[in-house]
Amino acid sequence: MIPGIVLIVLGIAGRLIPRVVTGISLFSAVEAVGLVLVLRALWLRRKAAARWVRESPVGRHGATIVTVLVLVPVLHLTGAVIGEIRAGKHYARIERDLEREDPLAALDLAVHLAREESAPLRERILERIGGLGNRSPEITDALRRVIREDPDRAVRGAAARALARLITPRDVILLLRDLARARGEVRSLLIQVLEAGTGREFGDDPARWRSWFAKTLAGDGKGPGVSVALAARRAFPGDAGIRRACLEKIRRSATEREIRDLLADRDPAIRTAAAEGARIRRRSRLVTVLVDALKRETDPGAARAEAAAVLALGGAEAPVRLLEVLPEDRPAAAVAAAAAAICRALGIEPTRDRGRLTALLFRRGG
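None of these values were measured; they are calculated from a predicted model.

Right, let's get into the nonpolar core. One finds Ile147, Phe213, Ile250, Leu290 and Leu294 to be the most contacted residues of the largest nonpolar core, which totals 96 residues. Take this core: its biggest share by element is ten residues, from helix 19 (residues 332-346).

What follows is the structure, given as structure tokens:
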């Protein structure tokens, strides 16, 4: 009987170890063998036990206690086996996605990750996500969330390793933002991801990380794009280095489509950089867009940049295009910038007299 009791205890204790269940576990089998040995020992001693129950004053109470002691592990084992069978069926559904090779499988695994209660299975899902190479925001955002919120330390570590393999410039921004308010182990994991993912070692110093990232933003045609630079600026509005790098990125790298959008931005500094980028990179097809932007411009600096871009890109027709901005219902900053640009093109003293400027342009054209 003693070996049976030992096996029952081992089975119960072993089942407490976290693991991925794919069927009836070895520990359930051990517990079942232990129960069989105990029941066999009781059966072999049934006659002596029956006589003791009849003759002993506490016999009936003893029989009740023994029955309960046998039923508890039986019921426990039954519930555990049923749970393992259900978990095995659940795992079978996830296993199909774990075995897929296409990167889209990572999106399905991320859905499983959010719903899965088994820590070992979450860890296995994370390891597979890291190997599939899908760097979409849905995936990397899920990994950052696991690092911040998952209760299991091993799972958080697996998420950090996966994110280090999949990290993008956008993720660097978000990690730096998280780093500013993270504490303890989560902070250490964020630093681990940044160092492993970027190859840089700035340790626990958010300012040094931001300074390095600002330098990568300002590159021309390489590294992060304009959208990432704008995201960095929004994430760190008080960082002067990132602000300068963002504006420089717009000047050097913005495409025509991006410039069209940026000329409507609420920030006058961004509108100014977009106009300067159009002028520096000779985006002559944007003259009409620049004129339209100038017509509604309220910031003097942005208005001067937009007028200068029209003058540089519009050729001989640029002063005539700028005349469109001079009616009295335009913002004062726009009128002043357009008039100054026309006067500069004509080589005359500054004036806002639309009639005079029109006459001078007509004569020059004649």
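With that settled, consider the pattern of salt bridges. Enumeration over the complete set of coordinates arrives at 27 salt bridges. Between aspartate 178 and arginine 177 there is a salt bridge, with the nearest N and O atoms lying 4.0 Å from each other. According to the relative accessible area criterion, aspartate 178 is buried, its value standing at 4%. A network of salt bridges, in which partner residues are shared, links Asp141, Arg144, Arg148, Glu149, Arg170, Asp171, Arg177, Asp178 and Arg181.

Glancing now at the side chain of aspartate 178. The residue aspartate 178 is located in helix 9 (residues 169-179) in this model. Those residues in contact with aspartate 178, other than ones at most four positions away along the chain, are Arg144, Arg148 and Leu190.

Next up on the list: the side chain of arginine 187. With respect to the element layout, arginine 187 can be found in helix 10 (residues 184-198). Of the residues examined, arginine 187 reaches a relative accessible area of 15% and is grouped as buried. Engagement of the side chain of arginine 187 in a polar contact is seen with the backbone oxygen of alanine 182, the distance being 3.2 Å. If we skip the residues at most four places from it in the chain, arginine 187 touches Leu179, Ala180, Ala182, Asp204 and Pro206.

A few words now on the packing of aromatic side chains. In total, this model carries four aromatic pairs according to the counting rule given. Between phenylalanine 202 and tryptophan 212 the ring centres are 6.3 Å apart and the planes differ by 50°, which places this aromatic pair in the tilted class. Linking phenylalanine 202 in the loop between helix 10 and helix 11 (206-217) with tryptophan 212 in helix 11, this pair joins segments that are ten residues apart in sequence. Taken individually, phenylalanine 202 and tryptophan 212 each receive the classification buried, so the pair is uniform in this respect. An angle of 55° between the planes, with centres 6.0 Å apart, marks the rings of tryptophan 212 and phenylalanine 213 as tilted. Residue class for tryptophan 212 comes out buried when judged on its relative accessible area of 15%. Ring-pair connections join several aromatic residues into one group, and the members of that group are Phe202, Trp209, Trp212 and Phe213.

Here helix 2 (residues 26-44) contains 19 residues, and its C-alpha end-to-end distance of 27 Å stays within 8% of the 27 Å for a straight helix at 1.5 Å per residue. Residues of helix 2 that are buried: Ser28, Glu31, Gly34, Leu35, Val38 and Ala41. Here the buried residues of helix 2 occupy an arc of 145° about the axis, which is enough to place them on one side. Seen from the buried face of helix 2, the exposed residues on the opposite side, beyond 90 degrees, are Leu26, Val36, Arg40, Trp43 and Leu44.

At a minimum axis separation of 10 Å, helix 5 (residues 105-115) and helix 6 (residues 119-132) run at an interaxial angle of 160°. Relative to helix 6, the element helix 5 is oriented roughly antiparallel. Relative to helix 6, helix 5 is oriented so that their crossing is left-handed. Judged by residue contacts, Ala105, Ala106, Leu109, Ala110, His112 and Leu113 of helix 5 engage Arg122, Ile125, Leu126, Arg128, Ile129 and Leu132 from helix 6. Tallied by class, the residues present in the contact of helix 5 with helix 6 amount to nine nonpolar, one polar and two charged.

Definitions and cut-offs
- Residues numbered from 1 in each chain as written.
- Predicted model: local features only at pLDDT ≥ 70, side-chain atom pairs only at ≥ 80, totals over all residues.
- Heavy atoms only, no water.
- Core = buried A, V, L, I, M, F, W, Y, C linked by side-chain atoms within 4.5 Å.
- Buried < 20%, exposed > 50% of the residue type's maximum accessible area, 1.4 Å probe, protein only.
- Helix = DSSP H or I, 4+ residues; strand = E, 2+ residues; numbered from the N terminus.
- Salt bridge = Lys/Arg side-chain N within 4 Å of Asp/Glu carboxyl O.
- Contact = heavy atoms within 4.5 Å.
- Polar contact = N/O pair within 3.5 Å; in protein donor to acceptor, adjacent residues only side chain to side chain.
- Phe/Tyr/Trp six-rings, centres within 6.5 Å; stacked < 30°, edge-to-face > 60°.
- Expected span 1.5 Å × (residues − 1).
- Arc of directions from axis to C-beta.
- Axes fitted to C-alpha atoms, helices over the stretch in contact; angles between N-to-C directions.
- Parallel < 35°, antiparallel > 145°, perpendicular 65-115°, else oblique.
- Left-handed = near helix turned anticlockwise from the far one by under 90°.
- Nonpolar A, V, L, I, M, F, W, Y, C, P; charged D, E, K, R; others polar.

As far as function goes, none of this settles anything; it's purely spatial.
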